[in-house]
Amino acid sequence: MLSRRLCQVHKCLFLHSVKLNPVKVATLTRRIHSSAERFSDCELKDQAVQKHETEELSQSTESKHFGRLHTPVMLEEVVNCLSPQSGQCFLDMTFGAGGHTTALLEKASDITVYALDRDPTAYKIAQQLSESYPKQIRALLGQFSQSEALLISSGVEPGTLDGVLLDAGCSSMQFDTPERGFSLQKDGPLDMRMDGDRYPDMPTAADVVNALDQQALASILRTYGEERHAKKIASAIVQARSIYPITRTQQLASIVAGAFPASALYARKDLLQRPTHVATKTFQGLRIFVNDELHELFIGLKTAEKFLKPGGRLVALSFHSLEDRIIKRFLHGIDMTEKYNLGSRQKIRQALKNSSKEDDSQEFPNGKPNPKWTFIQKKVLTPQAKDNQTNPRGRSAKLRAAIKL
């Protein structure tokens, strides 16, 4: 049985729910940074390219055509669930390119929106957009775990917000910028840090794949990427890095692809039945691990609950089962440590006993709904067919909305 560990690199705290091989924190730190020394020359070249491309991106954002950078997911549903009214105060916890925030302002112009994002590029866009709405948009730079301190320092007291939007996952801006290292379709340095260079000691995806042992890598891919072939992929990574350090996105994608027969490269299908690259889940797992996304999501939900007033609305968007499970459990008041998947025999036994009782017991373990929230929609919302056509990246989105009691 693998034990849960804290992966701490200098002052950056990673609280991962992954079950890792018993690796001491100091040992892990040493291994990550000693590995980084091996490919420092490669990174210097990458940084030169990144500086040039980042300058180009910064210039493009100054045009204020924010909508071109990112298409907001389920825009109509988000606005309807938050139902902005004149004079209200909102928190957009994942501002991105400002699509959701702009829609809220267009719906009710006399509102205040605190625009939070951990990505420095998104923060700059929020600052620029605030020039058009000087008294209504307050740009905040930080992670979910830093949001409470940021709000308080901005004069926002707990229990005063009318609505909170939490749009988990990666933005199109991050995927479409090769030097950020999120996309396996475009070559760039294997980075994946949503915070950019704000925390120089924060390990990149390259640090992780070059430093952790095979068992730890497999655990990350299995737990965060939900990758069935985690052991095979981890083995291929360890073998490849023994020859040359892994520093590029397409280099890693090729290594993962090489672990499978050619016929399996695009054998997997997405929700629209389109072929997806066999390395997609590997990239997801590494990204979630590097950015501590699941722990950040849970902290973000708790912060939203703390700062919402009674009657305030929470809208949460997720893009894969790990995120949705956390949001669902939080809103239903289910302990995050409880087992969520019953064995086949247990399922059969409960189904024979009482199917309706089974549903109630999984949603409400105490036999009654969570008294902290009432749900705006009876069922989880998903994108409409027309939305999938115009914005296929949002095809896996799930929207859960609730009102704080």
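An account of the accompanying structure is given in this report. (Residues numbered from 1 in each chain as written. Predicted model: local features only at pLDDT ≥ 70, side-chain atom pairs only at ≥ 80, totals over all residues. Heavy atoms only, no water.)

1. Observations concerning the overall build of the protein
Within the protein, the regular secondary structure consists of 17 helices and 11 strands. Sorting the 405 residues of the protein into buried and exposed places 50% on the buried side. Carbon and sulfur atoms provide 51% of the accessible area of the protein, an area that totals close to 19700 Å². (Helix = DSSP H or I, 4+ residues; strand = E, 2+ residues; numbered from the N terminus. Buried < 20%, exposed > 50% of the residue type's maximum accessible area, 1.4 Å probe, protein only. Areas by Shrake-Rupley, 256 points an atom, 1.4 Å probe, with all protein chains shown as cover.)

2. Some remarks on the pairing of strand S5 (residues 137–141)
The sheet contact formed by strand S4 (residues 112–117) and S5 spans 5 bridges and is parallel. What sits directly across from Val 113, in S5, is Ile 137. Each parallel crossover has a hand, and the one from S4 via helix H5 (residues 120–132) to S5 is right-handed. (Pairing = 2+ DSSP bridges. Right-handed = clockwise from strand over helix to strand, strands pointing away.)

3. A word on the pattern of salt bridges
Counted under the stated rule, the structure contains 13 salt bridges. Across the pair Asp 197 and Arg 193 runs a salt bridge, and its minimum N-O distance is 2.8 Å. A salt bridge links Asp 324 to Lys 398, with the shortest nitrogen-to-oxygen separation between them at 4.0 Å. Remark: Lys 398 occurs in strand S11 (residues 398–404) and Asp 324 occurs in helix H14 (residues 321–332); sequence separation between them is 74 residues. It is possible to trace a salt-bridge network through shared partners that takes in Arg 118, Asp 195 and Arg 198. (Salt bridge = Lys/Arg side-chain N within 4 Å of Asp/Glu carboxyl O.)

4. Quick look at the pairing of strand S9 (residues 308–318)
Of the pairings in the sheet, the one linking strand S6 (residues 161–167) to S9 comprises 6 bridges and is parallel in character. Across the sheet, Asp 167 pairs through a bridge with Leu 317, a residue of S9. Where S9 lies against S11, 6 bridges are found, and the strand directions are antiparallel. Of the residues in S11, the one forming a bridge with Leu 317 is Leu 399.

5. Notes on the packing of aromatic side chains
A complete count under the given rule lists 4 aromatic pairs for this structure. Their ring planes at 40° and their centres at 6.2 Å tell us that Tyr 224 and Phe 289 sit as a pair that is tilted. Here Phe 289 lies in helix H12 (residues 280–291) and Tyr 224 lies in helix H9 (residues 214–224), a separation of 65 residues in the sequence. For the pair Tyr 224 and Phe 289, a shared accessibility class is recorded, and that class is buried. Ring geometry for Phe 330 versus Trp 373: centroids 6.3 Å apart, planes at 55°, classification tilted. With Phe 330 in helix H14 and Trp 373 in strand S10 (residues 373–375), this residue pair connects regions lying 43 residues apart in the sequence. A single burial state applies to Phe 330 and to Trp 373, both of which are buried. Taken together, the ring pairs in this structure connect Phe 298, Phe 330 and Trp 373 into an aromatic cluster. (Phe/Tyr/Trp six-rings, centres within 6.5 Å; stacked < 30°, edge-to-face > 60°.)

6. Observations regarding the sheet that holds strand S3 (residues 89–92)
A sheet is described by the order of its strands in space; here 7 strands give the open sequence S5-S4-S3-S6-S9-S11-S10, paired in mixed fashion. Sheet topology places S5 and S10 at the edges, where each strand pairs with a single neighbour. Neighbour to neighbour, the strand axes of the sheet diverge by 20° on average, direction disregarded. Across 3 bridges, S3 lies against S6 in parallel orientation. Its bridge partner being in S6, Asp 92 is matched across the sheet by Leu 165. Set on the sheet, H5 makes contact with S4 and S5; between it and S5 the angle comes to about 165°. (Axes fitted to C-alpha atoms, helices over the stretch in contact; angles between N-to-C directions. Contact = heavy atoms within 4.5 Å.)

7. Points about unusual backbone geometry
In this structure, Met 74 takes a positive phi of about 50° despite not being glycine. Of note, the phi angle at Ser 83 is positive, near 45°, even though the residue is not glycine. When you line up the elements, Ser 83 lands in the loop between helix H3 (75–82) and S3. Looking at Ser 83, the relative accessible area reads 26%, which means it is partly exposed.

8. Some points on H9
Of the positions making up H9, those classed as buried are Ala 216, Leu 217, Ala 218, Ser 219, Ile 220, Leu 221 and Tyr 224. The opening residue of H9 is Asp 213, an N-cap whose side-chain oxygen sits 3.2 Å from the backbone nitrogen of Gln 215. Glu 226 sits one or two residues past H9 and shows a positive phi near 50°. (Polar contact = N/O pair within 3.5 Å; in protein donor to acceptor, adjacent residues only side chain to side chain.)

9. A look at the environment of Ser 172
Topologically, Ser 172 is positioned in helix H7 (residues 172–175). Overall, Ser 172 belongs to the buried group, its relative accessible area being 11%. In this structure, the C-alpha to C-alpha distance between Ser 172 and Gly 96, residues 76 residues apart in sequence, is 8.7 Å.

Such coordinate-based values are descriptive only and should not be taken to indicate function.
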